[in-house]
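Chain by chain, the residues run as shown.
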Amino acid sequence: MQTSEYWDNIYRSKRFDAVSWYAPHLGESLRLIEQLCPDKTGAIADIGGGESTLVDDLLSRGYEDLAVLDISAAAIDFTRHRLGPNAQRVRWHVGDVTQHDFGSKQFDVWHDRAVFHFLTDAAARQAYVNLVRAAVKPGGYVLMATFGPDGPAKCSGLDVVRYDDQRLHGEFGHGFEMLGRQMAEHHTPMGTSQQFLYCWFRLND
Ligand SMILES: C[S@@+](CC[C@H](N)C(=O)[O-])C[C@H]1O[C@@H](n2cnc3c(N)ncnc32)[C@H](O)[C@@H]1O
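Rules and cut-offs
- Residues numbered from 1 in each chain as written.
- Predicted model: local features only at pLDDT ≥ 70, side-chain atom pairs only at ≥ 80, totals over all residues.
- Heavy atoms only, no water.
- Pairing = 2+ DSSP bridges.
- Helix = DSSP H or I, 4+ residues; strand = E, 2+ residues; numbered from the N terminus.
- Axes fitted to C-alpha atoms, helices over the stretch in contact; angles between N-to-C directions.
- Contact = heavy atoms within 4.5 Å.
- Core = buried A, V, L, I, M, F, W, Y, C linked by side-chain atoms within 4.5 Å.
- Buried < 20%, exposed > 50% of the residue type's maximum accessible area, 1.4 Å probe, protein only.
- Salt bridge = Lys/Arg side-chain N within 4 Å of Asp/Glu carboxyl O.

**Student:** How should the sheet that holds strand β9 (residues 193-203) be read in this particular structure?
**Tutor:** What links the strands of a sheet is backbone hydrogen bonding, and the strands pair in either a parallel or an antiparallel sense. Sheet architecture is open: seven strands sit in the order β3-β2-β1-β4-β5-β9-β8, paired in mixed fashion. The two strands at the open ends of the sheet, each matched to only one other strand, are β3 (90-94) and β8 (176-187). Taken pair by pair, the neighbouring strands of this sheet meet at an average axis angle of 15°, ignoring direction. Across seven bridges, the pairing between strand β5 (residues 136-147) and β9 is antiparallel. Each residue of the ladder has a partner; that of Phe-147, found in β9, is Phe-196. Those strands touched by helix α2 (residues 27-36) are β1 (43-47), β4 (107-113), β5, β8 and β9, and its axis lies near 15° from that of β9.

Here is the structure:
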């Protein structure tokens, strides 16, 4: 179940650096975002950004048009508080990505680390992809990081779907050109290792 209460409870009961997905900086994501969108005026959405420091790092690199969406108000509050006055430079959205509407806003880069893989229901995945089609500019980029084929079968007590690049590409369907992919090992604060797949697509015009 993808309830806000579930995620709020996780964020309220654990320190920001004690959750399994914690990393001081999302190095792979940052590198790929800068590569895909060197223009600092480009619009970037971090989907399920949680308490990650990606938004801090994008701001400090000069990105001007940032949005963070998360189902957990507790996580969004924490991140806004950490950023202090700089939080005003970001658009914050509390909501479920499978039901969200960004209105007329469209992004140059859609970034998701460790959110899509929680969607075990095909209808939820379809709703997600429908939102990507609506909210990413034609010619814009979709940067996804999911658990890889040898990654964990569960995270935070929830089942996940593990992806290789072909399976992930298959979820997005026609119109999404796969530009690249790579595997990465995430080292959790608990001392374990998790296989992630990073995959990036261009939404054809
Ligand atoms: C494993 S954490 C990853 C957080 C962050 N992306 C990172 O890499 O540090 C998953 C995040 O997705 C959020 N989330 C889960 N389901 C969601 C949904 N349906 N819509 C929006 N956010 C969701 C959770 O609240 C949580 O912050």
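**Student:** How should I be thinking about the nonpolar core in this particular structure?
**Tutor:** Note on soluble globular proteins: their nonpolar side chains tend to be buried together. Counting 41 residues, the largest nonpolar core has Trp-7, Ile-33, Leu-58, Leu-66, Trp-92 and Tyr-198 as its most contacted members. At the level of secondary structure, the elements contributing two or more residues to this core comprise α1 (4-13), α2, α3 (54-60), β2 (65-70), α4 (73-83), β3, β5 and β9. For Trp-92, the contacting residues outside a window of four places in its chain are Val-55, Val-68, Ile-76, Thr-79, Arg-80, Leu-83 and Ala-87. Core analysis: the second largest hydrophobic core is formed by 30 residues, Ala-67, Val-97, Ala-124 and Val-132 among them.

**Student:** How do you make sense of the pattern of salt bridges when you look at a structure like this?
**Tutor:** Oppositely charged side chains can form a pair if their charged atoms are brought close together. The full count for this structure, using the stated rule, is eleven salt bridges. In this structure, Arg-202 engages Asp-205 in a salt bridge whose closest nitrogen and oxygen atoms are separated by 3.3 Å. Take Arg-202: its relative accessible area is 22%, and that puts it in the partly exposed class. Linked by salt bridges that have partners in common, Asp-65, Arg-91 and Lys-105 make up one network.

Remember that the coordinates give geometry; whether it matters functionally is a separate question.
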